[in-house]
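# Analysis of the macromolecular model
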Amino acid sequence: MVKHLLKVTDLTLSELWKVLKLTREIKASRKLGLALFPYLRGKRIALIFEKPSTRTRVSLAVAISDLGGYSLELEATKLQLSRGESLEDTVKVLSNYVDAIVARVRSHDTLNLMAKYAKVPVVNALSDLVHPLQAISDMYTIWEVFGRLRGINLAFVGDGGDNVCHSLLLSSSMLGVNFRIACPKEYRPKKSILREALSNAEESGAEILVTEDPYEAVKGADIIYTDVFVSMGFEEEKEERLKVFLPKYRVSKLLLESTGRRTLFMHCLPARRGEEVTSDIIDDTRISLIFQQAENRLYSAGAVLSILVGGGTSGIG
Ligand code: CP
Ligand code: NVA
């Protein structure tokens, strides 16, 4: 059966751990200058982008090439889709050319439709709803830094309905990471995502909390995470969003120092310095993990595709 990755919860817990362990293996091999096992040998992977991307686009293309595969970057505006060809026909045609379709889309419904018609795995490279590749990679980074995931206190401050926040919520709930969200009441996580996370949390023991108070959310936090207040596709709401989010939900030294412990900072990037986070925090290499996160996107991208497309599995664990 074809395995799609539209949300992180499309993976079982054991598959998610396989991805994390393979990420560690790929990173270690690369750091040691060892030849990588060609998990994607002969695999052709289409990368479709309806929105801009730096990290996701480049990490995927490089990872595929490193692992022996071949990627085709397809801007949606250059496909016949942009002239009205149906998504169904497009996906059926592509399924005969490539071994997987990775897509960054405006609407998550587009991915659901792609998955319905594709004969090959469809992988979400960001939608308005979720960003699983980012959250999987971030879980790896947290594991790498702390040596464990269960019981880590992760606080997200900002837009609770944000795609990255949704995926962090789902992956935390699977892996036993305590996840607190501080967001305005108009920007809470989507109910269906929260429900799914609360149900996972019953299994994993993760504590989930949504509050309007940033100081309550970050109490005891090992990590504070934020993302932009105006995600791609929401530009028209910029003025009204900034009015609601600022200054209360900006991550500042004051907030970071209120946690009662040493707290690290994470951001998926791209960031708007001074808006959702002050520059002194994002640029402080003692606490900011942003570039380690971005680097790990390369290894985790390879791991995800190896497991889904290449039948890869980690030799470790
Ligand atoms: N974090 C992330 O997905 O970045 P890009 O939009 O540059 O791909
Ligand atoms: N929430 C952001 C994430 C970018 C990687 C956006 O969708 O624009």
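This text goes with the structure placed above it.
Residues numbered from 1 in each chain as written. Chains lettered and ligands numbered in written order. Predicted model: local features only at pLDDT ≥ 70, side-chain atom pairs only at ≥ 80, totals over all residues. Heavy atoms only, no water.

With that settled, the discussion passes to empty space enclosed by the protein. Counted according to the given criterion, the structure contains 1 cavity of 30 Å³ or more. Taken as a whole, the largest cavity spans an internal volume of roughly 50 Å³. Elements supplying a minimum of two residues to the lining of the largest cavity: helix H1 (13-31), helix H2 (55-66) and helix H12 (290-308). Of the residues assigned to the lining of the largest cavity, the class counts are 6 nonpolar, 1 polar and 2 charged. (1 Å grid on protein atoms, 1.4 Å probe; cavity = no way out; pocket = protein on both sides within 12 Å on 5 of 7 lines; lining within 4 Å. Points joined across faces, edges and corners; volume = space filled by probe spheres on them. Helix = DSSP H or I, 4+ residues; strand = E, 2+ residues; numbered from the N terminus. Nonpolar A, V, L, I, M, F, W, Y, C, P; charged D, E, K, R; others polar.)

Neighbouring ligand 1 are Ser53, Thr54, Arg55, Thr56, Arg104, His131, Gln134, Cys268, Leu269 and Arg297. A distance of 2.6 Å is found between an oxygen atom of ligand 1 and a side-chain nitrogen or oxygen belonging to Ser53. A distance of 2.8 Å separates a nitrogen atom of ligand 1 from a polar atom in the backbone of Leu269. Alone, ligand 1 offers 260 Å² of accessible surface; in the complex the protein occludes 95% of this. Judged by the proximity of its atoms to the pocket grid, ligand 1 belongs to the largest pocket. When grouped by side-chain class, the residues that make up the shell around ligand 1 number 2 nonpolar, 5 polar and 3 charged. (Near = heavy atom within 4 Å. Polar contact = N/O pair within 3.5 Å; in protein donor to acceptor, adjacent residues only side chain to side chain. Areas by Shrake-Rupley, 256 points an atom, 1.4 Å probe, with all protein chains shown as cover. Sits in = over half its atoms within 2 Å of the grid points.)

Around ligand 2 sit Leu126, Asp162, Asn163, Asp227, Val228, Ser231, Met232 and Leu269, and those are all the residues in its vicinity. A distance of 3.0 Å is found between a nitrogen atom of ligand 2 and a side-chain nitrogen or oxygen belonging to Asp162. Asn163 has a polar side-chain atom sitting 2.7 Å from a nitrogen atom of ligand 2. Of all the cavities here, the one that holds ligand 2 is the largest pocket. Split into classes, the residues belonging to the shell around ligand 2 amount to 4 nonpolar, 2 polar and 2 charged.

For the rest of this paragraph, the subject is the side chain of Ser173. Mapped onto the fold, Ser173 is located in helix H6 (residues 163-175). Ignoring any residue separated from it by four or fewer positions in sequence, one finds Ser173 in contact with Ala197, Asn200, Ala201, Ser204, Ala206 and Ile208. (Contact = heavy atoms within 4.5 Å.)

What follows concerns helix H7 (residues 191-204). Along its 14 residues, H7 runs 20 Å from first to last C-alpha, staying within 8% of the 20 Å computed at 1.5 Å per residue. For H7, the secondary structure elements touched by its buried residues are H6 and strand S7 (208-211). Where H7 ends, the next residue or the one after it, Gly205, has phi of about 85°, a positive value. (Expected span 1.5 Å × (residues − 1).)

Below, the discussion takes up the nonpolar core. Grouped together as the largest cluster of nonpolar side chains are 92 residues, with contacts concentrated most on Ile136, Met139, Phe179 and Leu305. Apart from residues no more than four positions distant in its own chain, Met139 is found in contact with Leu20, Leu149, Leu154, Leu168, Ser171, Ser172, Leu175 and Val177. Residues Ala46, Leu94, Val105 and Ala115 belong to the second largest nonpolar core, which totals 19 residues. (Core = buried A, V, L, I, M, F, W, Y, C linked by side-chain atoms within 4.5 Å. Buried < 20%, exposed > 50% of the residue type's maximum accessible area, 1.4 Å probe, protein only.)

The strand order S7-S6-S5-S8-S9 describes an open sheet built from 5 strands, whose pairing is parallel. Sheet topology places S7 and strand S9 (264-267) at the edges, where each strand pairs with a single neighbour. This sheet shows a mean twist of 20° between the axes of neighbouring strands, independent of strand direction. Direction of pairing for strand S8 (residues 223-226) relative to S9: parallel, over a ladder of 4 bridges. The partner of Ile223 across the bridge, within S9, is Leu264. (Pairing = 2+ DSSP bridges. Axes fitted to C-alpha atoms, helices over the stretch in contact; angles between N-to-C directions.)

Interpretation note: all reported values are geometric properties and have no functional meaning in isolation.
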